[in-house]
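Residues per chain are reported as follows:
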Amino acid sequence: MQLYNTLTRREEEFKTIEPNKVRMYTCGPTVYNFAHIGNLRTYIHEDILQKTLEYLGYDVKRVMNITDVGHLESDADDGEDKMLKGALRENKTVWEIADFYTQAFFSDCSKLNIKKPTILGKATDYIDDYIAFIKALENKGFTYFENGNVYFDISKKEDYTKLSGMNLDELQTAARDDVTEDIHKRNPQDFVLWFTKSKFENQAMKWDSPWGVGYPGWHIECSVISLKNLGNQMDIHCGGVDHIPVHHTNEIAQTESYTGENWVNYWWHGEFLLDKDGKMSKSKGEFLTVSLLEKKGFNPLSYRYFVLNSHYRKQLAFSFDSLKQAENAYNKLKNRVAALKNSADDNGAEGDTAKYKALFTDCISDDLNTANAITVLFDVLKADDINNKQKLELVKDFETVLSLGLFEEEKEEEIPQEILDLVAKRQQARKEKNFALADQIRDEIANSGYVVEETRQGVKISKKA
Ligand code: AMP
Ligand code: ZN
């Protein structure tokens, strides 16, 4: 497989550390709010990367962190504990907020057919490990203690800028750290490993440490959670391009200083989803979530289809019009697969399916060219040199990677319990020939958006069109 490597800035032949095994790490979500569909674009492409590797025969061990501690992400942060902000907004504890949005994240992932990682690491479950890690860095002379915080000294790390390929000035501009410079740093890019002096006084989650009561820096969780679960070296580390200049650069600096060896062989980065104002983010513009798409009547899998028609290394502009177009194409594709399922028995002569499988494999192995892989899927549906049963088998095979839900039945509309109760009450009223009450209940049901009809098969309940 050919894969673009941010570290070497070129496409490379993918080779693993251990034969047939891939150790993969993906930066996970911060759980003080819903993920937006921009975040989920990155997770969809990472899912494709994992499933492509599995399709090619690798056994993939994938680790992901859950950022459930509300710390600063950079000096440019405006100094509020995001977990606490979420908790106050919703009248919950910070722990409830973290649990709620972790569940919400995996519910969104499941709607988008994104597979759960092999191992999930909650940032707050590794506090003792961060402390041991920082102590080791301290012993090796990579840190300094200033104004209550433990800093990593980037001048001690050779090749600090190797991932971005920028010089220190460019890096600083990319990180926009100059907004509120921390006067206690020796170098502008130095970063905090352990805070006891928070920028904000209302920090909610705190732990005891050799440096005082406080909380870990942000980058440390990815270093420690990956080292603990994948060992000192891994094959692929993934994330969005926004993480190249600061988060991933700092992950590398501290991890390689700790282990004394090269850490990650391939760095994989997904490009942004844009809205009309630029990069989609949680803090500006309309907050686009999977639930919002559903509320507007979209099937989340048509968003997956929309995303897979673009390349992960290209920016993608989102609009409801383009999603609508994608949904139309997706529905047509689904209908064709349904028709194929119904006609899989009227078989023509068997042909050669290997060439289609090879074409599909070529596309996904070409730096994950999902758009071309979908074209191969359409070619299979159109093909006149293989029979329907063979087409169906190929589509099923491609689906193990694309996961577009082409074989999922439309989910039966779930009728809420209170409507079912009303329907039962109405049946009882009819039985007692209390038609006035029965009609009154029918109106009540209608006001809640449902229709009851008497059919020969019994009562039918459906959502009002
Ligand atoms: P966060 O929860 O902000 O840490 O982001 C989770 C993941 O989504 C990270 O890998 C980010 O790089 C990525 N991400 C953030 N914004 C976007 C965007 N607009 N488009 C695509 N990926 C994004
Ligand atoms: Zn990370």
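Residues numbered from 1 in each chain as written. Chains lettered and ligands numbered in written order. Predicted model: local features only at pLDDT ≥ 70, side-chain atom pairs only at ≥ 80, totals over all residues. Heavy atoms only, no water.

**A word on the environment of Cys27**
So, point 1. Note that Cys27 resides in the loop between strand E3 (21-26) and helix H1 (37-55).
So, point 2. The contact partners of Cys27, leaving out residues within four places of it in the chain, are Tyr43, Met64, Asn65, Cys222, His237, Cys238, His247, His248 and Glu251. (Helix = DSSP H or I, 4+ residues; strand = E, 2+ residues; numbered from the N terminus. Contact = heavy atoms within 4.5 Å.)

**As for the sheet that holds strand E4 (residues 59-66)**
So, point 1. On the basis of which strands lie adjacent, the open sheet formed by five strands has the order E5-E4-E3-E10-E11 and parallel pairing. The sheet is open, and its two edges are formed by strand E5 (119-122) and strand E11 (264-270), each paired on a single side. If you compare each strand with its neighbour and ignore which way they point, the axes differ by 20 degrees on average.
So, point 2. Lying over the sheet, helix H7 (residues 244-259) contacts strand E10 (234-240) and E11, oriented at roughly 165 degrees with respect to E11. (Pairing = 2+ DSSP bridges. Axes fitted to C-alpha atoms, helices over the stretch in contact; angles between N-to-C directions.)

**With respect to helix H15 (residues 435-447)**
So, point 1. With 13 residues, H15 should reach 18 Å at 1.5 Å per residue; the first-to-last C-alpha distance of 18 Å fits that figure.
So, point 2. Every buried residue of H15 is accounted for by Ala438, Ile441 and Ile445. Down the axis of H15, the smallest arc covering the buried residues is 65 degrees, so these residues share one side. Set apart from the buried face of H15 by more than 90 degrees, the exposed residues are Ala436, Gln440 and Asn447. (Expected span 1.5 Å × (residues − 1). Buried < 20%, exposed > 50% of the residue type's maximum accessible area, 1.4 Å probe, protein only. Arc of directions from axis to C-beta.)

**Here's the deal with the pattern of salt bridges**
When charged atoms on two side chains of opposite charge get close, those side chains can pair.
So, point 1. What the rule picks out here adds up to 21 salt bridges.
So, point 2. Close ionic contact of Arg62 with Glu46 constitutes a salt bridge, the shortest N to O distance being 3.7 Å. Of the two residues, Arg62 is situated in strand E4 and Glu46 in helix H1; the sequence distance between them amounts to 16 residues.
So, point 3. Exposure remark for Glu46: the relative accessible area of 0% places this residue in the buried category.
So, point 4. The salt bridge involving Lys324 is made with Glu327; its shortest N-O contact spans 4.0 Å. Of this pair, Lys324 and Glu327 are both found in helix H10 (residues 320-342), three residues apart, which corresponds to roughly one turn of the helix.
So, point 5. Taking relative accessible area as the criterion, Lys324 reaches 41% and is therefore assigned partly exposed. (Salt bridge = Lys/Arg side-chain N within 4 Å of Asp/Glu carboxyl O.)

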